[in-house]
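# Structure assessment
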Amino acid sequence: MKSSAGTSSSKLYGSDEKKPLASNSEQKCSTVKGKLEKSSMLSGKRPLDKGNCSDQSSAKKPKISDTPTAMKSKQLTVKAEKEKADEDDDDDIPISQRIKKSPPSNSKTSSMKQKAAKVVSSSLKKLNKKSKKEFKNSKYIKSTKVSPSSGDGQKKWSTLVHNGVIFPPPYKPHGIKLLYDGRPIDLTPEQEEVATMFAVMKDTDYMNKPQFKKNFWEDWSKLLGKNHTIKDLDKCDFTPIYEWHLQEKEKKKQMSSEEKKALKEEKLKQEEKYMWAIVDRVKEKVGNFRVEPPGLFRGRGEHPKMGKLKRRIRPSDITINIGKNAPIPECPIPGESWKDIKHDNTVTWLAFWNDPINPKEFKYVFLAASSSLKGQSDKEKYEKARMLKEYIKNIRAAYTKDFTSKDVTKRQIAVATYLIDKLALRAGNEKDDDEADTVGCCTLKVGNVECIPPNKLKFDFLGKDSIQYVNTVEVELPVYNAIGQFHTGKSKSDDLFDKLDTSKLNAHLKELMPGLTAKVFRTYNASITLDEMLNKETKDGDVAEKVVIYQRANKEVAIICNHQRSISKSHSAQMSRLTEKITELKGVLKELKIDLDRANKGKPPLKDADGKQKRNLTPEVLEKKIAQTNAKIEKMERDMQTKEDLKTVALGTSKINYLDPRITVAWCKRHEVPIEKIFNKSLLAKFAWAMDVDPDFRF
DNA sequence: GTAGACACTTAGTACGACGTAG
DNA sequence: CTACGTCGTACTAAGTGTCTAC
């Protein structure tokens, strides 16, 4: 069994561990500590540092963020205690039943060790339900850290306490008038608010989009009313408001750092209580506790709804989800109240409201990425992708066979699966007409895939976020031929896979491997690429060199997944500055060479650019300088190349969402690269569950 | 099998903090 | 100390995929 549990190396990589909330009393204190330490050790987690009772107070502090914070411990305890009743609720499941769900080997003992080990190996198999029984009649507070959660429709938590959401402040009118036909116009605060939203977008690209203006005008003119002076957006001059906005921004910038700090602290104080939730008695960070402020909808690409007013969300729009026995959060706006209160422990959201732009959709408040709940499902995601590794050979064989199937649907499924596997395409769900026109694999249009004889395909389409995917790839001949067939008799705007949609595709994939869906291929592809590249490319060298290896692998993955970013405004300026510097250095180099030449002949160096006499240097010194300069030039050229290569590549997305952190952590351990060189603070927190991985781990 | 409701992950961008070269 | 550039984070849009009801 691979039990790296509490190896010394894991300490090096230990992230700030969140600690279960302690209840109060002294005796609990010691029990908690004892049990915790054990569970920590056995599940490979870093044991609590000193683990003495006096540390307990610190357990109440949010370790991850180091934020001063801390909800009042008293308040906390009270709530946690209250919630205990909740926890007992789920005791109505007979023990026998629960035991049945557990693997037999696990049922005979309640040893944490077995449980912990199980978690790793079987969480995917959905065998191991959260069995809290072991803790039930004790005062132990379990660490939910690695408790396996379960499959769908299952319980996600037992107790949940939180304080709801915080609303943006009401609008403060500024009274600056816009000009209509050159004349200043009075607006009501509501009208002014929306006008200001538009005004401040003056220098964005949206201002060049007729759709944006059209949608804005539709919503704003409604607010203005039928008989308003303003009848034509084009006659409006928002410059005064825009300038006021710039001034405000400048004012803010000019504030002294003390003022800024004070402001920040004030904000923190107000938000503090919303930042945390207590899930199964563990304090967890909430992800987005701020309700989205009103604004103009900024859809990506050619979104039909861009520019529409996103109205203000009020408490009566919001449904709260919270533990049965937890106090219902007070509505922060006096005189108003929540839309609804739920106690649904099969979901993880703390609150939601309907998206004002598309009322059929929802905006959720979830826990932060650092929470156990998220970590748990993240881990399951990667375990599933690793499972695909075992099946992939057969899956490939199967679809290869079906490239020539007489059944068109089968052929389409085969080719689509091939593309998803080979190119890491997204599944491609159907989209509505009121969304940007983008596609994924199943929704590819004939015009998106061009056949280039003898066996190449050129892809060109807009994917998620309207990011363009262009790629020409050589494919197996049967695939090439099949695509040709799918083309025939269709126009460019017809569906390439007319017999296919994501649900059919996924239904098929599920037959090949339990839980397999299209997106798993992307995760698999990304992680296996990282793992293989790291293990092939890593050579002896210093940390910096190894980090470069990692970044190269990361970049490779980002390219596979088509993770792009826009070129920074200053990119070209930066590049020319670098070129300039290199030219300068080359000049220096040339001069040094001349001097060296002369020095070798015993002559003094030439005068410098200002006509001044330079110091007489020995050939040795000159040679050294030449070498240094050369190295400098080479480094700069390399840096420039990297910069150019990465100007449109976003490395972050794959790191956050696609690369199994255990690959990275294990590699870091093996090659003595401090994990902090690869993961920043938030990634360390998010991947806390991966930190204790065995150094031998391979994806 | 299909549409719609629902829940959750994945995505790029804006912007401020922060570090560092000059 | 300034200016520049990078980094980290918040924000929220845009995907994926499941389930249910017909």
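Identification of chain A as DNA topoisomerase I from Gossypium barbadense is taken from an unreviewed UniProt entry. The annotation that UniProt attaches to chain A under Catalytic activity (unreviewed entry) is "ATP-independent breakage of single-stranded DNA, followed by passage and rejoining."

### A word on the sheet that holds strand β13 (residues 449–452)
A sheet is described by the order of its strands in space; here 3 strands give the open sequence β13-β14-β15, paired in antiparallel fashion. With partners counted over all chains shown, the strands left at the sheet margins are β13 and β15 (468–474), one partner each. When the angles between neighbouring strand axes are averaged without regard to direction, this sheet yields 15°. Across 4 bridges, β13 lies against strand β14 (residues 456–462) in antiparallel orientation. Bridge pairing links V449 to F459 in β14. In the packing of helix α14 (residues 408–423) onto the sheet, the strands contacted are β14 and β15, and the crossing angle to β15 comes to about 100°. Its contacts with the sheet place helix α15 (residues 477–487) against β13 and β14, and it is angled at close to 125° to β13.

### Here's the deal with the protein's contact with DNA strand B
Around DNA strand B, the structure places 28 residues, and the nearest of them are K374, K381, K464, R522 and Y658. Each atom of DNA strand B within 4 Å of the protein belongs either to a base or to sugar and phosphate, the latter forming 80%. In the environment of DNA strand B, a phosphate oxygen lies 3.5 Å from a nitrogen or oxygen atom belonging to the side chain of K156. Y364 has a polar side-chain atom sitting 3.0 Å from a phosphate oxygen of DNA strand B. Of all elements in the fold, only β12 (362–365), α13 (372–402), α17 (518–537) and α21 (652–657) reach the threshold of two or more residues within the surface near DNA strand B. Per-element tally for the surface near DNA strand B: the top contributor is α13, with 3 residues. A class-by-class count of the residues in the surface near DNA strand B yields 7 nonpolar, 9 polar and 12 charged.

### Describing the sheet that holds strand β5 (residues 276–279)
One key point about sheets: their strands pair by backbone hydrogen bonds, in either a parallel or an antiparallel sense. Ordered by their spatial adjacency, 3 strands build an open sheet running β1-β5-β6, and the pairing between neighbours is antiparallel. Each of the sheet's edge strands pairs with one partner strand only, and the pair in question is β1 (160–162) and β6 (282–285). Strand-to-strand twist of the sheet, defined as the mean angle between neighbouring strand axes without regard to direction, takes the value 25°. Examined bridge by bridge, β5 and β6 share 4 bridges and lie antiparallel to one another. By the bridge assignment, W276 is partnered in β6 with K285.

### With respect to the protein's contact with DNA strand C
The immediate surroundings of DNA strand C are formed by 29 residues, with K363, K431, R577, K643 and S682 found nearest. The sugar-phosphate backbone supplies 89% of the atoms of DNA strand C found within 4 Å of the protein. Between DNA strand C and R290, the relevant distance is 2.4 Å, taken from a phosphate oxygen to a side-chain nitrogen or oxygen of the residue. Counting only elements with at least two residues in the surface near DNA strand C, the list comes to α16 (502–512), α17 and α19 (571–600). Split into classes, the residues belonging to the surface near DNA strand C amount to 4 nonpolar, 11 polar and 14 charged.

### Structural notes on the packing of aromatic side chains
Scanning the entire structure with this criterion turns up 23 aromatic pairs. When the centroid spacing of 5.4 Å and the interplanar angle of 20° are considered together, the rings of F216 and W220 count as stacked. Residue F216 and its partner W220 are located together in helix α10 (residues 210–224), separated by 4 residues, close to a single helical turn. Of the two residues examined, F216 and W220, each falls in the buried class. With centroids separated by 6.3 Å and ring planes inclined at 25°, the aromatic side chains of Y382 and W689 adopt a geometry described as stacked.

### Some points on the UniProt feature "coiled-coil region" (unreviewed entry) in chain A
The sites that carry the UniProt feature "coiled-coil region" (unreviewed entry) are, in the present numbering, residues 246–273 and 575–602. With 86% helix and 0% strand, residues 246–273 has end C-alpha atoms that lie 33 Å from one another. The straight-line gap between the two end C-alpha atoms of residues 575–602 is 40 Å; of that span, 93% is helix and 0% is strand.

### So, α17
Helix length check: α17, at 20 residues, gives a terminal C-alpha distance of 29 Å against a target of 28 Å (1.5 Å per residue), a fit within 8%. Along α17, 15 of the 20 residues are buried, which leaves the element largely enclosed by surrounding structure.

### A short note on the pattern of salt bridges
Per the counting criterion, the structure on display carries 30 salt bridges. For D498, the salt bridge is made with K490, and the minimal N-O distance between the two is 2.9 Å. On the basis of relative accessibility, which here comes to 41%, the residue D498 falls in the partly exposed class. The partner of D501 in a salt bridge is K504, with the nearest N and O atoms 4.0 Å apart. K504 sits in the partly exposed class, given a relative accessible area of 44%. Connected through salt bridges with shared partners, the residues E383, R386, D660 and R662 form a single ionic network.

### Quick look at α16
For α16, the complete set of buried residues consists of T502, L505, N506 and L509. Buried residues of α16, seen end-on, are gathered within an arc of 95° and therefore sit on one face of the element. Buried positions along α16 lie against α14 and α17.

### Regarding the confidence of the model for chain A
With 78% of its residues at a pLDDT of 70 or more, chain A shows a mean pLDDT of 81. Counted against residues more than four places away or in other chains, residues 1–151, with its pLDDT under 50, gives 248 contacts.

### Concerning the nonpolar core
Counting residues in hydrophobic clusters, the biggest one holds 76 residues, and the most contacted among them are L419, L444, F459, F497 and F679. Here the element with the most residues in this core is α17; it accounts for 9 residues. Excluding anything up to four places from it in sequence, F459 contacts L419, L423, L444, N448, V449, Y469, V470, N471 and V473. In terms of nonpolar packing, the next biggest core, distinct from the first, is built from 28 residues, W157, I166, Y274 and V279 among them.

So, how was this worked out
- Residues numbered from 1 in each chain as written.
- Chains lettered and ligands numbered in written order.
- Predicted model: local features only at pLDDT ≥ 70, side-chain atom pairs only at ≥ 80, totals over all residues.
- Heavy atoms only, no water.
- UniProt positions renumbered as here; feature names shortened; annotations may be inferred.
- Pairing = 2+ DSSP bridges.
- Helix = DSSP H or I, 4+ residues; strand = E, 2+ residues; numbered from the N terminus.
- Axes fitted to C-alpha atoms, helices over the stretch in contact; angles between N-to-C directions.
- Contact = heavy atoms within 4.5 Å.
- Near = heavy atom within 4 Å.
- Polar contact = N/O pair within 3.5 Å; in protein donor to acceptor, adjacent residues only side chain to side chain.
- Nonpolar A, V, L, I, M, F, W, Y, C, P; charged D, E, K, R; others polar.
- Phe/Tyr/Trp six-rings, centres within 6.5 Å; stacked < 30°, edge-to-face > 60°.
- Buried < 20%, exposed > 50% of the residue type's maximum accessible area, 1.4 Å probe, protein only.
- Expected span 1.5 Å × (residues − 1).
- Salt bridge = Lys/Arg side-chain N within 4 Å of Asp/Glu carboxyl O.
- Arc of directions from axis to C-beta.
- pLDDT = per-residue confidence, 0-100.
- Core = buried A, V, L, I, M, F, W, Y, C linked by side-chain atoms within 4.5 Å.

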